Every structure is written in structure tokens, then in C-alpha cells.
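Listed here are the chains, written in short residue letters.
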Number of protein chains: 2
Amino acid sequence: MKKQKISDAVIHRLPRYYRYLDDLYNKGVVRISSHSLGEKMDITASQIRQDLSCFGEFGQQGYGYNVAELRAEIGHILGIDNDHKLIIIGAGHLGHALLQNFDFAKVGFHLDSAFDVSSTLIGDEINGVTVRSMDELDDYVAQHHPNVAVLTVPQHVAQPLADRLVALGIRGFWNFTNVEISVPEDVYSEDIHFVDTLLTLSYHISRTPQE
Amino acid sequence: MKKQKISDAVIHRLPRYYRYLDDLYNKGVVRISSHSLGEKMDITASQIRQDLSCFGEFGQQGYGYNVAELRAEIGHILGIDNDHKLIIIGAGHLGHALLQNFDFAKVGFHLDSAFDVSSTLIGDEINGVTVRSMDELDDYVAQHHPNVAVLTVPQHVAQPLADRLVALGIRGFWNFTNVEISVPEDVYSEDIHFVDTLLTLSYHISRTPQE
């Protein structure tokens, strides 16, 4: 299928499309109209048609979208079938929570190791994943070639750790440290800013219903 | 100070401004030019000047911004001084991680209680906060009037729990359940979509450096 250049705004919305289509797919829904999908997602049908037209000819007048097909195509665009290998750096409370609860495989990430500096955590097995010593990191990465690292470490080690991981060949960061890290142009960091989201919440509840 | 209507795009950027200004403030920086702030934040000086002009007359030609003043004003707009009271529902791994590591007070939220259904967690004290039984929730909210709830519970209980909390008077949700919850118009939910951010990361690393 021929694809045109996809805008940042559309890329930003793709994961949400995928999430909704995945849910419909798992519920056994075969097709859905842009109107129904729009109602679920609280966006207009025309916005959906415009966004999805970037990926090719999906919807059919009077039929709607084939859920399995569209889900697979959006998943493909998102790189879900690229078999990313991921490691978690920092097996404290947050790292532990991700290891325990987050379904990495569902979004195409293979997780097989976590690392920590704490001797009380090293050797633990959490949800089938072994926590290794940071001393083993270089050898492990050289052997297993993970391409993504989750950073659940204290803020002050975020940047030196990122530098070390980039040098080892890591190309993507899922960064929970609440500080922005500097990475080379061909490396990407997705930052989870807990503080920003809580401040946004504060903004909104400080206004409604008075304003 | 007179304020004009602030656009969604600007609101979206405010927490990041606040984060940078707070960092500068804590480092003792007294003033900063839009040029220097822009370099730090990787945005243009003119974008900054345009954004900040929404809040009044801050920058001065040849002087720049007064860091403390601008930080306080943006904090005020974000509602940091509104003394939000927050409860955490779900003291499992993620709730525990937030209780242990997240500095709620720094962004103007007062946290004094967490709730769970698990008898192994009820009665625990985490970072000075007691985990209570969900059976105590109604009485607690009636007495202490928290206005924000953090949802760190399993997906299938997210919506019924949100309905219950809205009925009790909760006006804001910090929602970590990875499902979107329906709330009345005068209630606001800020959703942390771990899945979406990881898919965005997948998108970007699936492309660079080939494309």
C-alpha cells in the first residue's frame, strides 16, 4: 500500500486509534463505521476519515472499516511487529510495578531483563524476569542487543545512564525520571512527565465550574 | 493582573514552563532571557514571548524574565496554590511507587490517605500515609473533602469506582488505569496512557535512522 507522509498530529493520535481498534477486535467486532468509532472516541467522523486516509483505502461507503485490517495496519505503522527488545533500568517501586503489571508483549515489546544497583533486589525474579546487577549491563547488552531501555531510576543518574546506554547501542528510552534527557538525533526518548499531567489536572479543576 | 483567554495549546505547554522555571528558581537564578530559556527548553524565543504575553507584562527588553515572579504566576494559573486534597485508590505496586516517590506537595497537592481492598495492605503506612480499607472511603471523603483521586486500580473497576467517587464529590482524577473513564462535564480526568506513550516510542524507533 502506498503511504503519504503522515503529519505529527496524526502520529500523535495513532496510539489512541490502535487502543480502540484493539479493544473492538478483542470483543470480536468485525467492522465499524467512522461515525460509531467517532462516537466512542469522542471525535468527529470526518476527523477519523481524514486521519485514516493517510494510510490508504480503508473505509468503504456503506460498509465502514474492517476492524482487524485497520488494527493490523495501524499496529504495523506503529512498529508493533518490529520485535523491539526492552530492558528496565531500576527495579524499585515503579520498575517493579511495570514488571508486575504492564503487558509489554501486547504492544510488541519483548522484555527479558531488569537491572538495579541494589543488592536486595539483584537476583529477584519478578513476573518471570530476573533483576541483574548493573555490573552485568554492558555484557548483557552486547550479547542480547536490546534496543529500548525503560528508565525508572533517580533523577540525578538519568543523564549519565542515558549516555552509557546510548553508547551501548540503545535507540529508544521510555523515560520515567521526570527530567528530560539529551540524546543524539537518531535516538528517541519518550518522557512520562507525571508532574506535567498533575499540573494540567490542577489547572482544570481550579477553573471548573467557576469559569 | 488582567488576563486574556488562554488557548489550549498554551495551557498544554504551561506545566513544562513551570518545571523549567522551578528548576531555575531552585538553582537561585534571578532572571532569564527568552533566548536562554528557549535554548534550555528547545523552543524559539518568540514562541516563549508569545506564550507568556498571555499572562501579562513579564519580560522587559534588555532584562528578560524575573524567574521567581514568572514561576509564581504560572504556578498560580496552574492552581498550585489551591490546596488540592488528594487520595490514592489502589496501593498496589504503582500506588505504592507514587506514595513512596512522588512529591505531591511540590505541585500543590496534599495527600493524606490511600485506600485498598487488600487486607494485606490495609493498615500499612507508606511514607507517612496510612492505607485504609475501601469500606472507610465514604466516611473519609465526607469528613475530609478530598477533591482529587488517583486511580491505580485494575481496569475493570475503573468506571464503577469513578462513578462512586464522583457521587462522593471528587472533581478530578489522575487516572493510571489505561482505560478512559466517563465523568460529568464539571469533573476532569487526566489519563496517563502508558500504552500510548510506548507505542509512540515504537513508532519513532521503527523509523529512524532509515527514514
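Residues numbered from 1 in each chain as written. Chains lettered and ligands numbered in written order. Predicted model: local features only at pLDDT ≥ 70, side-chain atom pairs only at ≥ 80, totals over all residues. Heavy atoms only, no water.

## Points about the overall build of chain A
Secondary structure summary: chain A contains 8 helices and 9 strands in total. Each principal axis of the C-alpha distribution contributes one length, and for chain A these read about 60 × 50 × 35 Å. Looking at chain A residue by residue over its 211 residues, the buried ones come to 50%. In chain A, 57% of the contacts between residues at least 6 apart in sequence involve partners at least 24 apart. (Helix = DSSP H or I, 4+ residues; strand = E, 2+ residues; numbered from the N terminus. Buried < 20%, exposed > 50% of the residue type's maximum accessible area, 1.4 Å probe, protein only. Contact = heavy atoms within 4.5 Å.)

## A short note on helix H8 (residues 194–207) of chain A
In this model, H8(A) (14 residues) spans 20 Å end to end at C-alpha, consistent with the 20 Å of a helix rising 1.5 Å per residue. Here H8(A) lies mainly inside the structure; 13 of its 14 residues are buried. (Expected span 1.5 Å × (residues − 1).)

## Looking at the relation of the copies chain A and chain B
Least-squares fitting of chain A to chain B yields an RMSD of 0.0 Å, with the superposition described by an axial translation of 0.0 Å and a rotation of 180°. Considering both components of the superposition, the chain copies are consistent with a two-fold axis. A shared binding surface is used by both copies, with 100% of the interface residues of chain A retained as interface residues in chain B. (Least-squares fit on C-alpha atoms with pLDDT ≥ 70 in both.)

## Remarks on the packing of helix H2 (residues 34–41) of chain B against helix H3 (residues 45–52) of chain B
All names here are of chain B. Between H2 and H3, whose axes approach to 8 Å, the crossing angle comes to 110°. Looking at the two axes, H2 sits roughly perpendicular to H3. On H3, the residues touching Ser 34, His 35, Leu 37 and Gly 38 of H2 are Ala 45, Ile 48 and Arg 49. Of the residues that constitute the contact of H2 with H3, the class distribution is 3 nonpolar, 3 polar and 1 charged. (Axes fitted to C-alpha atoms, helices over the stretch in contact; angles between N-to-C directions. Parallel < 35°, antiparallel > 145°, perpendicular 65-115°, else oblique. Nonpolar A, V, L, I, M, F, W, Y, C, P; charged D, E, K, R; others polar.)

## Quick look at the interface of chain A and chain B
On the chain B side, the residues contacting the 54 residues of chain A number 55 residues. Our count for the chain A to chain B interface comes out at 6 salt bridges. With its nearest N and O atoms 2.7 Å apart, the salt bridge here joins B:Asp196 to A:Arg19. On the surface where chain A and chain B come into contact, there are 28 residue pairs in polar contact (both at pLDDT 80 or more). For the side of chain A that touches chain B, the element with the most residues is H8(A), which contributes 14 residues. Residue composition of the side of chain A that touches chain B, by class: 29 nonpolar, 17 polar and 8 charged. (Salt bridge = Lys/Arg side-chain N within 4 Å of Asp/Glu carboxyl O. Polar contact = N/O pair within 3.5 Å; in protein donor to acceptor, adjacent residues only side chain to side chain.)

## Side note on the packing of aromatic side chains
Per the counting criterion, the structure on display carries 19 aromatic pairs over all chains. Relative to B:Phe194, the ring of A:Phe176 lies with its centre 5.4 Å away and its plane at 80°, an arrangement referred to as edge-to-face. Of the two residues, A:Phe176 sits in the loop between strand E8 (172–175) and strand E9 (188–191) while B:Phe194 sits in helix H8 (residues 194–207), which places them in two different chains. Here the aromatic cluster, defined as three or more aromatic residues joined through ring pairs, consists of A:Phe102, A:Phe104, A:Trp174, A:Phe176, A:Phe194, B:Phe102, B:Phe104, B:Trp174, B:Phe176 and B:Phe194. Sitting above the plane of the A:Tyr25 ring, A:Arg71 keeps its charged end 4.1 Å from the centroid. (Phe/Tyr/Trp six-rings, centres within 6.5 Å; stacked < 30°, edge-to-face > 60°. Lys NZ or Arg CZ within 6 Å of the ring centre and 35° of its normal.)

## Points about the environment of A:Asp83
Residues and elements named next belong to chain A. Here Asp 83 lies in the loop between helix H4 (67–77) and strand E3 (84–89). Its relative accessible area of 53% is what places Asp 83 among the exposed residues. When the C-alpha atoms of Asp 83 and Asp 138 are compared, they prove to be 21 Å apart, with 55 residues separating the residues in sequence.

## A short note on the sheet that holds strand E7 (residues 148–151) of chain B
Residues and elements named next belong to chain B. With mixed pairing, 7 strands are arranged side by side in an open sheet as E5-E6-E4-E3-E7-E8-E9. Whereas interior strands pair on both sides, the edge strands pair on one side only; in this sheet they are strand E5 (125–126) and strand E9 (188–191). Sheet strands in contact with helix H7 (residues 155–168) are strand E3 (84–89), E7 and strand E8 (172–175), and its direction is about 170° off that of E7. (Pairing = 2+ DSSP bridges.)

## Considerations on the packing of helix H1 (residues 8–26) of chain A against H8(B)
Running from N to C, H1(A) and H8(B) point in directions that differ by 125°, and their axes come no closer than 9 Å. When the axes of H1(A) and H8(B) are compared, the pair comes out oblique. Considering only the axes of H1(A) and H8(B), their crossing is right-handed. Residues A:Ile11, A:Pro15, A:Arg16, A:Tyr18 and A:Arg19 of H1(A) form the contact with H8(B), whose own contacting residues are B:Asp196, B:Leu199, B:Thr200 and B:Tyr203. (Left-handed = near helix turned anticlockwise from the far one by under 90°.)

## A closer look at the confidence of the model for chain A
Of all residues in chain A, 95% attain a pLDDT of 70 or more, and the chain-wide mean is 90. Here the prediction assigns the complex a pTM of 0.86, and the interface score ipTM is 0.89. (pLDDT = per-residue confidence, 0-100.)

## Description of unusual backbone geometry
Across residues other than glycine, the phi torsion is negative in most instances, and most of the peptide bonds are trans. Even without a glycine there, the phi angle at A:Asp42 is positive, about 60°. Secondary-structure assignment places A:Asp42 in the loop between helix H2 (34–41) and helix H3 (45–52). Here B:His145, not a glycine, exhibits a phi torsion of approximately 50°, which is positive. Considering the arrangement of structural elements, one finds B:His145 in the loop between helix H6 (137–144) and E7.

## A word on the pattern of salt bridges
When their charged atoms lie close together, side chains carrying opposite charge are able to pair. All names here are of chain B. Across all of its chains, the model carries 16 salt bridges over all chains by this definition. Its salt-bridge partner being Arg 13, residue Asp 51 comes within 2.7 Å of it at the nearest N-O pair. You can see Asp 51 sitting in helix H3 and its partner Arg 13 sitting in helix H1 (residues 8–26), a full 38 residues away along the chain. Notably, a salt bridge pairs Asp 23 with Lys 27, separated by 3.0 Å at the nearest N-O pair. Using a relative accessible area of 37% as the deciding quantity, one classes Asp 23 as partly exposed.

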